[in-house]
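# Overview (structure and organization)
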Amino acid sequence: MLCVLLLTAVIVLCITFTQERQQFISKNENLTDEREQLRLKITNLTSEREQSYRQMSVNGDNKLTAELVLLTAGWTYYQYSFYYMSKEQKNWTESRRYCKERGADLIIINNKEEQDFVHNTSGNATFYIGLTDIDVEGTWKWVDNSTLTSRFWASNGQITEPNGGKGNPEEDCAVTVAVPPPKWANLVGWLDVSCDQNYQWICEKRISQFILP
Ligand SMILES: [Ca+2]
Ligand SMILES: [Ca+2]
């Protein structure tokens, strides 16, 4: 009697085990199928993206190409932005035009880190930055219309910038200076100058501008 009971138990266990094994195998097959489908979907998406990149190349407005052009044409990357420090000199409006034609704008200096970066890479040059009070005298605004969050106006004890009001000429555009020339003795930081003067300039393009139009 005991033997019969044991045998029955063994048979029941065997059947249950086989069923579960079968279920496990078919579940595994389903997962493999799903994975295969996902892989196909990814392949399709990748080739779609490649196609659209190729199409954009044909149209001449490929963002990736633009990015590569920037990288290879002397732009520097720092903290989520690309920077171009010009060698030649232009007035403020022409400097800004140069940046805008390349999908950038004159630099907006948001904080001390960015000012330090500019300061440390400026050498002896005087660079236009994207700061002006041309609309309302005394109200300095960045080229994206934002107001100043940090200020790095130069001061040497005698002169405190910005000092050019409605004089002749007016000083409505800002430059940044790391090593001041003799005429600006010890004035390190930002100075307001006449927008008609020719200086070097810095363009900035934030990395987010590559992703968002
Ligand atoms: Ca900036
Ligand atoms: Ca000034």
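Refer to the preceding data block for the structure.
Before going into details, it helps to say that this report is about the structure given with it. As the structure is a computational prediction, the values presented were derived from the model and not from experiment. (Residues numbered from 1 in each chain as written. Chains lettered and ligands numbered in written order. Predicted model: local features only at pLDDT ≥ 70, side-chain atom pairs only at ≥ 80, totals over all residues. Heavy atoms only, no water.)

## Here's the deal with the pattern of salt bridges
With the rule as written, the count across this model stands at 4 salt bridges. In this structure, D105 engages R96 in a salt bridge whose closest nitrogen and oxygen atoms are separated by 2.9 Å. Classification of D105 as buried rests on a relative accessible area of 15%. (Salt bridge = Lys/Arg side-chain N within 4 Å of Asp/Glu carboxyl O. Buried < 20%, exposed > 50% of the residue type's maximum accessible area, 1.4 Å probe, protein only.)

## What about the coordination of the calcium ion (ligand 2)?
Distances from the calcium ion (ligand 2) to its protein donors, E161 (OE), E161 (OE), N163 (OD1), E171 (OE), D192 (O) and D192 (OD), fall at 2.2 to 3.2 Å. For the calcium ion (ligand 2), the donor residues sit on a single chain with the sequence spacing E-x1-N-x7-E-x20-D. Its relative accessible area of 6% is what places E161 among the buried residues. (Donors = N, O, S within 2.8 Å, 3.2 Å for Na, K, Ca; no water.)

## Observations concerning the pairing of strand β6 (residues 173-177)
Within β6, 5 of the 5 residues are buried, leaving the element largely enclosed by the surrounding structure. Burial of β6 is two-sided: the residues C173, V175 and V177 facing one way and the residues A174 and T176 facing the other way are all buried. Two strands pair when backbone bridges link them, and strand β4 (residues 126-132) and β6 are joined in this way by 4 bridges, in the antiparallel orientation. Looking at β6, one finds that Y128 is bridged to V175. Note: β6 against strand β7 (residues 189-193), 5 bridges, orientation antiparallel. Looking across to β7, one finds that V177 is bridged to G189. (Helix = DSSP H or I, 4+ residues; strand = E, 2+ residues; numbered from the N terminus. Pairing = 2+ DSSP bridges.)

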